[in-house]
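Next come the chains, spelled out residue by residue.
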Amino acid sequence: MITEPAIIVNQVAQLEKDILENLYSIQGKSRDLATTNDWYMAVAYTVRNRLMKNWIDTLHGLMDKEVKLVGYLSAEFLVGPHLGNALINLGIYDEVKEATQRLGLDLRQLMDIEEEPGLGNGGLGRLAACFIDSLTTLKVPAIGYGIRYEFGLFEQQIRDGWQFEVTDKWLRFGNPWEIARTELSFTVKIGGHTEHYTDEMGLYSARWIPEIEVKGVAYDTPVPGYQNNKVNFLRLWKSEAIESFDFEAFNRGDYSKAVDEKVYSENIGKVLYPNDEPLAGRRLRLSQQYFFVSCSIQDVLRLHELRGLPIDQLPDSMALQLNDTHPSIAVAELMRILIDEKQVDWDRAWRITKNTFAYTNHTLLPEALEKWPLSLFASLLPRHLEIIYEINSRSLAEVKSLYPGDDHIARSLSIIDEEGEKYVRMAHLACVGSHMVNGVSDLHADLLKKDVMRDFYNMTPEKFIGITNGVTPRRWLKLYSPGLSSLISDKIGEGWLTHMEDEIIKLEPLADDPAFQQKWQETKRTYKNELSIQVSRMSGVRIDPASMFDVMVKRIHEYKRQHLNVFHIIHLYNRIKKNPGLDIVPRTFIFGGKAAPGYHMAKLIIKLIHSVGEVVNNDGDVDGRLKVIFFPDFNVKSSEWVYRSADLSEQISTAGKEASGTGNMKFSMNGALTIGTMDGANIEIMDAAGKENFFLFGLTVEDIQALRKTGYRPFDLYQNDEDLREIIDRLQSGEFSRGDKHLFKPLVDSLLGNDPYFVLQDFHSYADCQQNISNAFLDRSHWTRMSILNVARMGKFSSDRSIREYCNKIWNVKPSY
Ligand SMILES: *Cc1c(COP(=O)(O)O)cnc(C)c1O
């Protein structure tokens, strides 16, 4: 569709007028007094107003009982900056750019000051954001339910190579993207005890007398679909006190008691927990989870009643997805409300609950499977514990009838972990209380069935499926790589933005086209130049944009194996030190990612990266052929510079540990080639791209199982392998740590002791593969061909495909586009 120039001019003039109007009426500033933030706010409100009509239409649509609604329950939504995304999805980027220009502003500069809502840790929270984007683009009515944390994930600062955490005050300058629905709030009970009695009908009933009640207030944030006039929204709950001030206590002279309840209530939604920390004993975290789940379930039932449908039809009017176990208390909460407050009998309540919920498992790491000490659970949620006991005893009765006399299986399937200190296993609750359970890649679903949830799978195999994750091509290609996107659209049109699976493959015939290859290279090179400028501004280190950009950005974790990457760097350094004239392909190693504040080994890995960088970057023998960069505070906003600039994407987790990965997809969609293990979605990316366009190395899940059986002895590898010995000896020599021989001891001890993630075992396969990559990089035309083919074949990894699968296989709703 071609818009008349006159209409565009009018639109730009109107935008300009609206921006000025909002500057006056909302920010209360004149042009002369306005700060950059004032202008940003004025532009943001101008754009938000253009979402309003469609947003209000959606709210009306919620009352339509013919349309099934998806509720996506997630403790994290890592949506990234709103402005750019809204401009792309509304299709008014160029117009707003021109309007701001006319006002003497630079749109880019305005976008740069937006604070990102960092309401997620990484992949899981970002997946929730991509999913809501796709749901809206596919015109599926949906609400993303979560928590309006006052502070998101900490901001990462680096001092002397160590990570320091700074509070993320993202709401400091106001948030123009949310609407506080102060009249929409729910009461959430916490603590106390239960009472049992016989009601006037002679029915045995339970009553929950809480210790405290807090209030959850809805804050809605619009999520626009891609140029389709649809807007869904996130509904994030803010915790508040019901009474902000206890006058009785105040009048007694007890001032601190007078504000106690306010402090307690507000603490619930105060801060997002960084993951990877042991959760046992985290009372506040369980309160957080219950708080947002209770508000969300109450809201869901309110909407259902507004639709005028009988309660038994809940599963037909709503599909509720549990994004990991964080919201899994919802199973017990819905049962509690149905039974205690709506007088539904157990069997009906259970049928409704089970058919409404589905559960997505995100991890196989045993330490990340949530379980709560029974005592903590009982003190916070006494009524839920009773209900869970009842769910468990009925579920175990079924187990026992299927496997008579098999105590082992009953123990393994129980929701209560009875070995030693007793725990509530949230994954078991989620599984028993859902009609579908899905893994997030083919391999991960397989391992769920064979391993983590084997006994559940054997009992109800039809419940278990895999739906491979995806990412939205709107943010990850069109918004963050506009040059590459135009190049693609110029050749194959814009259909790929909404029909990626069918359309982007049309690039394939261009992979060998020399003119296209050249434009492709130039575009990638522009991005590398920009990142180089950004890096030198941030860290003062000059990098060569002609070198291979070898990039590893993701949370820092031993299973992801950033240290394996560092070992390869040290290996190359050793080779240069032995032979300074060595002919090698120059590389820039770029790392980024946060470590959980309590995860000491991860923090030491950050220090290791900086320490190796300090030596390698400044050694005259290296002569600039190797550079090591740490890109601080990696988040959705800063990732704009990173994914698109990569030549090589590092996806090197120990096989069987990464459930899917989504960073792997973003890189590949942006034309990076991947060095990867047979893990998570890497396998499917390789299958799609073709083995010849992917650099595979390392042990498979089966290899690792076999090695564990025969006995893995990493110390033997150290003794017998010269390359490994040189790397580790150099680490222990203090050369990278200004003479401190002990700095990296915890890391070295772990690797030589038991090396739980098989770093030493995989090293040689990795280093050999890296050598092949260097050789391949020398043939520019062939490399570019592989890069184009990777992009052309990534259609499957659009989150639109993932959402279509959820719609068909789990939610029973019809997407349309
Ligand atoms: C995509 C993304 C992740 C997930 O990366 P993985 O490589 O899959 O671990 C983490 N953080 C941010 C900011 C992301 O955008």
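The structure under discussion appears in the preceding block.
This report concerns the structure included in the present document. Just so we're clear, the structure is a prediction, and the values are computed from it rather than from any experiment. (Residues numbered from 1 in each chain as written. Predicted model: local features only at pLDDT ≥ 70, side-chain atom pairs only at ≥ 80, totals over all residues. Heavy atoms only, no water.)

Section: the side chain of His444
Turning to step 1, where the next piece is worked out: Along the chain, the position of His444 falls in helix H17 (residues 442-452).
Turning to step 2, where the next piece is worked out: Judged by its relative accessible area of 1%, His444 falls in the buried class.
Turning to step 3, where the next piece is worked out: Within the local environment of His444, its side chain forms a polar contact with the side chain of Asn361, the two groups lying 2.9 Å apart.
Turning to step 4, where the next piece is worked out: With sequence-adjacent residues up to four places away left out, His444 is seen in contact with Asn361, His362, Thr363, Leu364, Gly439 and Ala659. (Helix = DSSP H or I, 4+ residues; strand = E, 2+ residues; numbered from the N terminus. Buried < 20%, exposed > 50% of the residue type's maximum accessible area, 1.4 Å probe, protein only. Polar contact = N/O pair within 3.5 Å; in protein donor to acceptor, adjacent residues only side chain to side chain. Contact = heavy atoms within 4.5 Å.)

Considering the nonpolar core
Turning to step 1, where the next piece is worked out: Phe377, Ile391 and Trp811 are the most contacted members of the largest nonpolar core, which has 188 residues in total.
Turning to step 2, where the next piece is worked out: Looking at which element gives the most residues to this core, the answer is helix H9 (residues 283-306), with 10 residues.
Turning to step 3, where the next piece is worked out: Both domains that furnish three or more residues to this core are identified here as domain 1 (65-80 + 116-468 + 804-811) and domain 2 (473-797).
Turning to step 4, where the next piece is worked out: Setting aside anything within four residues of it in sequence, one finds Ile391 in contact with Val331, Met335, Trp346, Trp350, Ile415, Leu429 and Val432. (Core = buried A, V, L, I, M, F, W, Y, C linked by side-chain atoms within 4.5 Å. Domains from an automatic or database assignment.)

A closer look at the site of the ligand
Turning to step 1, where the next piece is worked out: Lining the immediate surroundings of the ligand are 14 residues, of which Lys554, Lys560, Thr662, Gly663 and Lys666 lie closest.
Turning to step 2, where the next piece is worked out: A distance of 2.8 Å separates an oxygen atom of the ligand from a polar atom in the backbone of Thr662.
Turning to step 3, where the next piece is worked out: Residue Gly663 places a main-chain N or O atom 2.9 Å away from an oxygen atom belonging to the ligand.
Turning to step 4, where the next piece is worked out: Considered on its own, the ligand offers 390 Å² of accessible surface; in the complex 95% of this is hidden by protein.
Turning to step 5, where the next piece is worked out: Partitioned by chemical class, the residues of the shell around the ligand number five nonpolar, six polar and three charged. (Near = heavy atom within 4 Å. Areas by Shrake-Rupley, 256 points an atom, 1.4 Å probe, with all protein chains shown as cover. Nonpolar A, V, L, I, M, F, W, Y, C, P; charged D, E, K, R; others polar.)

Some points on helix H32 (residues 780-792)
Turning to step 1, where the next piece is worked out: When the terminal C-alpha atoms of H32 are compared, their 18 Å separation across 13 residues agrees well with the 18 Å that a helix rising 1.5 Å per residue should span.
Turning to step 2, where the next piece is worked out: For H32, the set of buried residues is Trp783, Thr784, Met786, Ser787, Ile788, Leu789, Asn790, Val791 and Ala792. (Expected span 1.5 Å × (residues − 1).)

Considering the state of the cysteines
Turning to step 1, where the next piece is worked out: Per the counting criterion, the structure on display carries zero disulfides.
Turning to step 2, where the next piece is worked out: Cys130 forms no disulfide, and the closest cysteine sulfur to it belongs to Cys807, at a distance of 16 Å. (Disulfide = S-S within 2.5 Å.)

Points about the packing of helix H11 (residues 330-341) against helix H14 (residues 382-402)
Turning to step 1, where the next piece is worked out: At their nearest, the axes of H11 and H14 sit 9 Å apart, and the two run at 100 degrees to each other. The angle between the axes of H11 and H14 places the two elements in the roughly perpendicular class. Packed against H11, whose contacting residues are Val331, Ala332, Glu333, Met335, Arg336, Ile339 and Asp340, the element H14 presents Arg383, His384, Ile387, Ile388 and Ile391 at the interface. (Axes fitted to C-alpha atoms, helices over the stretch in contact; angles between N-to-C directions. Parallel < 35°, antiparallel > 145°, perpendicular 65-115°, else oblique.)

Notes on the pairing of strand E1 (residues 69-73)
Turning to step 1, where the next piece is worked out: Extensive coverage of E1 is indicated by the burial of five of its five residues.
Turning to step 2, where the next piece is worked out: Side chains Leu69, Gly71 and Leu73 of E1 all project onto a buried face; the interleaved residues Val70 and Tyr72 project onto the opposite face, where all are buried too.
Turning to step 3, where the next piece is worked out: Bridge count for E1 against strand E10 (residues 318-323) is five bridges, and the pairing is parallel. Note on E10: the bridge partner recorded for Val70 is Ala319.
Turning to step 4, where the next piece is worked out: By the bridge criterion, four bridges tie E1 to strand E2 (residues 142-147) in an arrangement that is parallel. When the sheet's bridge partners are listed, Leu73 is paired in E2 with Tyr145. (Pairing = 2+ DSSP bridges.)

The values reported here are purely geometric and, on their own, carry no functional implication.
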